[in-house]
Amino acid sequence: MGKIISIFNQKGGVGKTTSAINLASYIAQMGYKVLLIDIDPQGNTTSGLGIEKDDLEYSMYDVIIENAKEENFKVVKDAIVNTVVENLYILPSRVELAGAEIEITYNEYREKILKRAIKSIKNDYDYIFIDCPPSLGLLTINALTAADSVLIPIQCEFYALEGVGQLMNTINLVKKNLNPDLKIQGVIMSMFDGRTNLSIEVVEEVKKYFKGKVYTTIIPRNIKLAEAPSHGLPIMLYDKNSTGAKAYKELAEEFIELERDEQNG
């Protein structure tokens, strides 16, 4: 059974897409079959993996619109493309996806279209990661409704916990009304600067708030992590020896170890 994990924080600039690309890449490198779904109209996950958006026959827009009418699994399968990483596949996004949110507003299945769309492929993958938009619109609600769990990236900065209450409120509303089994997978602390007391204090605050859900591995601020997407590469193929690459590799190992512990009870 494939596990579906939404990567979500309604704040922008918290390392959400960076985490989606690099965590998925390292898990794929470990031999797991991974699908990355880009449900953000900005399509940064798509371009960050070197996918030429203009060359795509289908994108996430087609998946949402076609499955809003009826269950059209062919479009889902045809929209999935290979990436530069072995075992890693992507359901790509383009800017027209922003229009889909308006087009499905009055659809009776509007919160569950993504769930319907991917149920036919769920078991083809070990893990399906969904990169959500930095907003609380219908696309994000679709991602949370389709997911088994939520991965929350939080930036190590002064305003880190601002908005976390709203984020948790959204997750709880989805749990109450649409997806009662939704769990918190874990919290990723990103953009850590060890030279500042502030970063250290923020990590402690977030640990207090989320109790045992914060990953031990912390992602540092790293110029190579920022450069990699402009080359259309995950960090492991851009600079595998950088501190950012080592951190995401460690995070992937921690993620899988915790998954094994959970499965073994």
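Coordinates for the structure precede this section.
An account of the accompanying structure is given in this report. It should be emphasised that the depicted structure is a prediction, and the values quoted were computed from it without experimental measurement.

### A short note on the nonpolar core
Ranked by size, the top nonpolar core spans 54 residues in total, and within it Ile39, Met60, Ile152, Ile154, Ile171, Met189 and Phe210 carry the most contacts. The next biggest cluster of nonpolar side chains, apart from the first, holds 34 residues, and it includes Ile5, Val34, Leu56 and Ile188.

### Structural notes on the sheet that holds strand 3 (residues 81–82)
Spatial strand order, 3-4-2-5-1-6-7: seven strands in an open sheet with mixed pairing. Each end of this open sheet is capped by a strand with a single partner; those strands are strand 3 and strand 7 (183–190). As defined by bridge partners, strand 1 (residues 3–7) adjoins strand 5 (residues 127–131) across five bridges and the pair is classed as parallel. Note that in strand 5 the partner of Ile7 across the bridge is Asp131. Relative to the sheet, helix 7 (residues 138–146) contacts strand 1, strand 5 and strand 6 (149–155), its axis offset from that of strand 1 by approximately 150°.

### Observations regarding helix 1 (residues 16–29)
Under the 1.5 Å per step criterion, the end-to-end length of helix 1 is 20 Å for 14 residues, consistent within 8% with the ideal 20 Å. Among the 14 residues of helix 1, 12 are classified as buried, and the element is accordingly described as predominantly covered. Looking only at helix 1, the buried set comprises Lys16, Thr17, Ser19, Ala20, Ile21, Asn22, Leu23, Ala24, Ser25, Tyr26, Ile27 and Ala28. Just downstream of helix 1 lies Gly31, where phi reads positive at about 105°.

### Regarding empty space enclosed by the protein
For the coordinates displayed, the defined rule picks out one cavity of 30 Å³ or more. Its boundaries defined by the atoms lining it, the largest cavity holds a volume of some 50 Å³. Every residue lining the largest cavity is listed: Thr18, Ile21, Asn22, Gly48, Leu225, Ala228, Pro229, Leu233, Pro234 and Ile235. Ranked by residue count, the leading element in the lining of the largest cavity is helix 1, at three residues. Residue classes in the lining of the largest cavity are distributed as seven nonpolar, three polar and no charged.

### Quick look at the side chain of Ser25
Here Ser25 is to be found in helix 1. Leaving out residues up to four positions away in the same chain, Ser25 has contacts with Leu49, Val85, Leu88, Pro234 and Met236.

### Some details on unusual backbone geometry
The phi angle at Met191 is positive, at roughly 60°, despite the residue not being glycine. Within the element layout of this structure, Met191 appears in the loop between strand 7 and helix 9 (197–210). Phi angles above zero are rare outside glycine, and Lys211 is one such case at about 50°. Tracing the chain through its elements places Lys211 in the loop between helix 9 and helix 10 (223–227).

### Section: the pattern of salt bridges
A side chain with one charge can pair with a side chain of the opposite charge if their charged atoms come near. Tallied over the entire structure, the rule returns 14 salt bridges. Glu66 is the partner of Lys69 in a salt bridge, and the nearest nitrogen-oxygen pair spans 3.2 Å. Of this pair, Lys69 and Glu66 are both found in helix 3 (residues 60–69), three residues apart, which corresponds to roughly one turn of the helix. Owing to a relative accessible area of 60%, Lys69 belongs among the exposed residues under this scheme. In this structure, a network of salt bridges that share partners links the residues Lys3, Glu259 and Glu262.

Cut-offs applied
- Residues numbered from 1 in each chain as written.
- Predicted model: local features only at pLDDT ≥ 70, side-chain atom pairs only at ≥ 80, totals over all residues.
- Heavy atoms only, no water.
- Core = buried A, V, L, I, M, F, W, Y, C linked by side-chain atoms within 4.5 Å.
- Buried < 20%, exposed > 50% of the residue type's maximum accessible area, 1.4 Å probe, protein only.
- Pairing = 2+ DSSP bridges.
- Helix = DSSP H or I, 4+ residues; strand = E, 2+ residues; numbered from the N terminus.
- Contact = heavy atoms within 4.5 Å.
- Axes fitted to C-alpha atoms, helices over the stretch in contact; angles between N-to-C directions.
- Expected span 1.5 Å × (residues − 1).
- 1 Å grid on protein atoms, 1.4 Å probe; cavity = no way out; pocket = protein on both sides within 12 Å on 5 of 7 lines; lining within 4 Å.
- Points joined across faces, edges and corners; volume = space filled by probe spheres on them.
- Nonpolar A, V, L, I, M, F, W, Y, C, P; charged D, E, K, R; others polar.
- Salt bridge = Lys/Arg side-chain N within 4 Å of Asp/Glu carboxyl O.

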